[in-house]
Amino acid sequence: MAAKEDPAVTHFREYIRINTMQPNPDYVSCTAWLRIRGEAAGGEVEVVETFPGKPVVVISFPGTRPELGTLLLNSHTDVVPVFPEHWKYEPFSAHKDSEGNIYGRGTQDMKCVGIQYLEAIHRMKKQGKTFTRTIHLTFVPDEEIGGETGMQEFVKMPEFKKLNAAFALDEGYANPTDKFSLFYGERCVWWVMVKCTGQ
Ligand SMILES: [Zn+2]
């Protein structure tokens, strides 16, 4: 008999199976699923549309001091396209092999992160833990096509200001060694003008 799968893994595989591939991501199914998981974790779920059909799913866990700046745990729900003929297993099957490897578009970038946020908080809440600061999980659309219809618009909206974010986490990158990669100040832009006058 196969060992029982950890529910966190089961939820991750469910998330992978929702086809949010650009250019036609299934945000309707994704939003409905995130609502179920968010409420199961004890969160308050709100959906904000940046544009019609472009949902930002906000799952909030109020802290004991709601006046403090909040922690924003951000992730994007869309994934890049696939060439299925080059895949060992169907890219949206979330196939798990005998070694425990899970195959699917979005496993690294970045549905793993979104589900880890949710499962970590769900677990802590089940243990009766409370948080000082409010935590918001934001699941944004369209990062893989530049975010203009996702985060870039969301940050201009009153619904974003209302979150009162003080610190945010977002995706990193897989590291093939036993180290973890962190991006430090990655979003600070340095504009460099290069002028070539020729001879
Ligand atoms: Zn990504």
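Scope of this entry: the structure provided in the associated data block. Every value quoted in this text rests on a predicted model; they were computed, and no experiment measured them.

1. Details of the packing of helix H1 (residues 7-17) against helix H2 (residues 27-40)
Right, so step 1: One way to put it is that H1 packs onto H2 with a least axis distance of 10 Å and a crossing angle of 165°. Our classification of the angle between H1 and H2 gives roughly antiparallel. For the element pair H1 and H2, the recorded crossing hand is left-handed. Note on element contacts: H2 touches H1 through Cys30, Trp33, Leu34 and Arg37, opposite His11, Glu14 and Tyr15.

2. Some points on the coordination of the zinc ion
Note on metal geometry: ideal angles are 109.5 degrees for four donors arranged tetrahedrally and 90 or 180 degrees for six donors arranged octahedrally.
Right, so step 1: Around the zinc ion, the protein contributes the donor atoms His76 (NE2), Asp109 (OD), Glu171 (OE) and Glu171 (OE), at 1.8 to 2.6 Å from the metal centre.
Right, so step 2: Classification of the site at the zinc ion rests on its four donor atoms, whose angles at the metal span 54 to 144°, yielding the label irregular.
Right, so step 3: Site description for the zinc ion: donor spacing in sequence, H-x32-D-x61-E. Here Glu171 lies in the segment after strand E7 (165-169) and Asp109 lies in the loop between strand E5 (102-103) and helix H3 (111-126), a separation of 62 residues in the sequence.

3. Some details on the layout of surface pockets
Right, so step 1: A volume near 1,500 Å³ is recorded for the largest pocket.
Right, so step 2: Lining the largest pocket are 36 residues; nearest its centre among them are Asp170, Glu171, Gly172, Tyr173 and Phe183.
Right, so step 3: Going through the elements one at a time, strand E3 (70-76), H3, helix H4 (151-154) and E7 are the ones with two or more residues in the lining of the largest pocket.
Right, so step 4: Per element, the largest residue contribution to the lining of the largest pocket is four residues, and it comes from H3.

4. Thoughts on H2
Residue pairs spaced three or four apart in an α-helix point in one direction, given the helix's 3.6 residues per turn.
Right, so step 1: With 14 residues, H2 ought to run about 20 Å at 1.5 Å a step, and its terminal C-alpha atoms sit 20 Å apart, in line with that.
Right, so step 2: Within H2 the residues assigned to the buried category are Tyr27, Cys30, Thr31, Trp33, Leu34, Arg37 and Gly38. Projected down its long axis, H2 shows its buried positions confined to an angular sector of 165°, all on one face. Looking at H2, the residues exposed on the side facing more than 90 degrees away from the buried face are Val28 and Ile36.
Right, so step 3: Tucked inside the fold, the buried residues of H2 contact H1, strand E1 (44-51), strand E2 (54-61), H3 and strand E6 (135-140).
Right, so step 4: In the segment just after H2, Gly42 is the residue with positive phi, at about 90°.

5. Comments concerning the environment of Val47
Right, so step 1: For Val47, the position within the fold is in strand E1.
Right, so step 2: C-alpha of Val47 to C-alpha of Val57: the two residues are ten residues apart in sequence and 4.6 Å apart in space.
Right, so step 3: When sequence neighbours within four positions are dropped, the list of residues in contact with Val47 reads Thr31, Arg35, Pro55, Val56 and Val57.

About the criteria used
- Residues numbered from 1 in each chain as written.
- Predicted model: local features only at pLDDT ≥ 70, side-chain atom pairs only at ≥ 80, totals over all residues.
- Heavy atoms only, no water.
- Axes fitted to C-alpha atoms, helices over the stretch in contact; angles between N-to-C directions.
- Helix = DSSP H or I, 4+ residues; strand = E, 2+ residues; numbered from the N terminus.
- Parallel < 35°, antiparallel > 145°, perpendicular 65-115°, else oblique.
- Left-handed = near helix turned anticlockwise from the far one by under 90°.
- Contact = heavy atoms within 4.5 Å.
- Donors = N, O, S within 2.8 Å, 3.2 Å for Na, K, Ca; no water.
- Tetrahedral: all angles 85-135°; square planar, octahedral: opposite > 155°, others 65-115°.
- 1 Å grid on protein atoms, 1.4 Å probe; cavity = no way out; pocket = protein on both sides within 12 Å on 5 of 7 lines; lining within 4 Å.
- Points joined across faces, edges and corners; volume = space filled by probe spheres on them.
- Expected span 1.5 Å × (residues − 1).
- Buried < 20%, exposed > 50% of the residue type's maximum accessible area, 1.4 Å probe, protein only.
- Arc of directions from axis to C-beta.

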